[in-house]
Amino acid sequence: LFKSILNFLKKTIQDQTMAESIRHIMESTLPKSLRHIISNCDYYGASLFLVALEVIQFYVFHEPSLLTNMQETGITDVILQALLVKGPPATKEVLQFLPAIFTAMCMNEAGHTILIFPLIINKNLLKRIGHFSIQEIRSSDRNRINFLR
């Protein structure tokens, strides 16, 4: 049921006629629910974890001006904790999606700062991703990341 609801939200986020409604939903308790799903990935499973990340990514790409609001709810901290401390679920789909969620989280300066330095420190996660795209990271940080290759 959760997965179906989140998949529905992914589709409605893309619909311009629903933009105002989605904004209200994302400003209510949905981020708290998404944080709970992401932080309890072991309980909810990899597929629900992935769909929760996809909802966040779709929302940020369609409403980039509201990324700061999402960051203030603590969702980026929960995502980083789930990915860097606990480790992401070891499924092909989740690992393939990581560059997209990292890109979404880095769409403003605060997200970029919060994300890039833990990634540099956590070489193991970068190795697990395998195909992490250096082009998606700002050129000013390429020198810091080149030593990981």
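Heads up: the structure comes first, above all this text.
Counting restarts for each chain: residues are numbered from 1 in the order of the written sequence. Where totals are concerned, whole chains, interfaces and linings use all residues; where local detail is concerned, this predicted model gives features only for residues with pLDDT of at least 70, and gives and counts side-chain atom pairs only at 80 or more. In computing side-chain properties, one takes all heavy atoms of the structure into account and sets aside hydrogens as well as water.

A.B. asks: A description of the packing of aromatic side chains should follow, citing residues and the corresponding values.
C.D. replies: Note on ring pairs: Phe, Tyr and Trp rings are taken, using the six-membered ring of Trp, and paired if centres are within 6.5 Å. Classes follow the plane angle, with under 30 degrees stacked, over 60 edge-to-face and the rest tilted. Enumeration according to the criterion identifies 2 aromatic pairs in this entry. Aromatic ring contacts, followed pair by pair, group Phe2, Tyr43 and Tyr44 into a single cluster. Should the NZ of a Lys or the CZ of an Arg lie within 6 Å of a ring centre and within 35 degrees of the ring normal, that charge is described as sitting over the ring. The ring of Phe58 is capped by Lys10, whose NZ or CZ atom sits 5.7 Å from the centre of that ring.

A.B. asks: Give a description of the pattern of salt bridges that names residues and reports values.
C.D. replies: Salt bridges are identified by distance alone: a Lys or Arg side-chain nitrogen within 4 Å of an Asp or Glu carboxyl oxygen. Applying the stated criterion across every chain, the model contains 1 salt bridge. Here Lys10 and Glu54 are joined by a salt bridge, their closest N and O atoms 2.6 Å apart. Residue Lys10 is located in helix H1 (residues 2-13), and its partner Glu54 is located in helix H5 (residues 46-62); the two are separated by 44 residues in the primary sequence. Take Glu54: its relative accessible area is 15%, and that puts it in the buried class. Secondary structure elements follow DSSP: runs of H or I of four or more residues count as helices, runs of E of two or more count as strands, with numbering from the N terminus. Three labels apply to residues, based on accessible area from a 1.4 Å probe with only protein chains included: buried if under 20% of the type maximum, exposed if over 50%, partly exposed otherwise in between.

A.B. asks: Now, about the side chain of Gln57: what can you tell me, with residues and values included?
C.D. replies: When you line up the elements, Gln57 lands in helix H5. On the accessibility criterion, Gln57 (8% relative accessible area) is buried. Here, two residues are considered to be in contact whenever any of their heavy atoms come within 4.5 Å of each other. Residues contacting Gln57, with those up to four places away along its chain left out, are Phe97, Ala100, Ile101 and Ala104.

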